[in-house]
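Structural features, examined
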Amino acid sequence: GESVGLHLPTLSVQEGDNSIINCAYSNSASDYFIWYKQESGKGPQFIIDIRSNMDKRQGQRVTVLLNKTVKHLSLQIAATQPGDSAVYFCAENRESGYSTLTFGKGTMLLVSP
Amino acid sequence: GAGVSQSPRYKVAKRGQDVALRCDPISGHVSLFWYQQALGQGPEFLTYFQNEAQLDKSGLPSDRFFAERPEGSVSTLKIQRTQQEDSAVYLCASSGRTNTEAFFGQGTRLTVV
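The structure reproduced in this document is the subject of the present report. (Residues numbered from 1 in each chain as written. Chains lettered and ligands numbered in written order. Predicted model: local features only at pLDDT ≥ 70, side-chain atom pairs only at ≥ 80, totals over all residues. Heavy atoms only, no water.)

This paragraph deals with the layout of surface pockets. Approximately 590 Å³ is the volume attributed to the largest pocket. A:Ser40, A:Gly41, B:Leu39, B:Gly40 and B:Arg109 are the residues nearest the centre of the largest pocket, which is lined by 33 residues in total. Secondary-structure elements contributing two or more residues to the lining of the largest pocket are strand 9 (86-93) and strand 11 (107-112) of chain A together with strand 9 (88-95) and strand 11 (108-112) of chain B. Of the residues belonging to the lining of the largest pocket, the class tally is 15 nonpolar, 14 polar and 4 charged. Of the voids in this model, the second largest pocket is the one considered here, and its volume is about 220 Å³. Lining the second largest pocket are 19 residues, with A:Gly43, A:Pro44, A:Gln45, A:Phe46 and B:Phe104 positioned closest to its centre. Elements with a contribution of two residues or more to the lining of the second largest pocket: strand 4 (32-38) and strand 5 (45-51) of chain A together with strand 10 (103-104) of chain B. Looking at which element gives the most residues to the lining of the second largest pocket, the answer is strand 4 of chain A, with 3 residues. Across the lining of the second largest pocket, the residue classes break down as 9 nonpolar, 6 polar and 4 charged. (1 Å grid on protein atoms, 1.4 Å probe; cavity = no way out; pocket = protein on both sides within 12 Å on 5 of 7 lines; lining within 4 Å. Points joined across faces, edges and corners; volume = space filled by probe spheres on them. Helix = DSSP H or I, 4+ residues; strand = E, 2+ residues; numbered from the N terminus. Nonpolar A, V, L, I, M, F, W, Y, C, P; charged D, E, K, R; others polar.)

Turning next to the sheet that holds strand 7 (residues 62-67) of chain A. All names here are of chain A. Reading across from one edge, 3-8-7-6 is the order of the 4 strands in this open sheet, with antiparallel pairing throughout. Strands with a single pairing partner mark the edges of an open sheet, and in this sheet they are strand 3 (19-24) and strand 6 (56-58). For this sheet, the mean angle separating the axes of adjacent strands, direction not counted, is 15 degrees. Relative to strand 7, strand 6 runs antiparallel, the two sharing 3 bridges. From the neighbouring strand, Gln58 faces strand 7, where its bridge partner is Thr63. (Pairing = 2+ DSSP bridges. Axes fitted to C-alpha atoms, helices over the stretch in contact; angles between N-to-C directions.)

A few words on the state of the cysteines. All names here are of chain A. A full pass over the atoms with the stated rule returns 2 disulfides over all chains. The partner cysteine of Cys23 in its disulfide is Cys90, sulfur to sulfur 1.6 Å. A residue pair is termed long-range when its members are at least 10 positions apart, and Cys23 in strand 3 and Cys90 in strand 9 qualify at 67 residues. (Disulfide = S-S within 2.5 Å.)

Here it is, written out as structure tokens:
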């Protein structure tokens, strides 16, 4: 289930389950979105990105969905593995011109064997 | 190098001490970003360089923070007269072009005591 921890929302799943992590972004002008995975003691690692002219993009075991109408992103991880345990951040940006990544709050994913 | 390298990995500073944090970006990457990540939070933008030019420093929290990238490669983030609220992980990221995939280093964890 999903619960709110002291700092981060946490999603706990069993190995083999599918996981869905949600994110609401803030800037209507954002047109480029990225999901990052951050393991303890490491920097954020790129997982998958999507541009605003798409509503779905698939990678290996991961799918990102974009709903621009309600400014919502989701990351779906298929057949979740213990190695997927980490904090997941969505980030928004503008693809044209200069801008910088704005990160969401993050969700901790805990995968039990 | 193979990735973004940051040093030191950990730094403990006494309140009032000056610190310097180093970032070696991926060779040839034009864009370099510094972010600050407080415990349990997403990274927050500090400053951005395109080659040696500091194009945006709007995220620097005070004039005690200073960043440079004099030859368009290695960058240093300097914090003068450190305060306890400066305790955080400082992340560096580089990318080949603006607004495309940014690669993050492992960060420097600064603890001010």
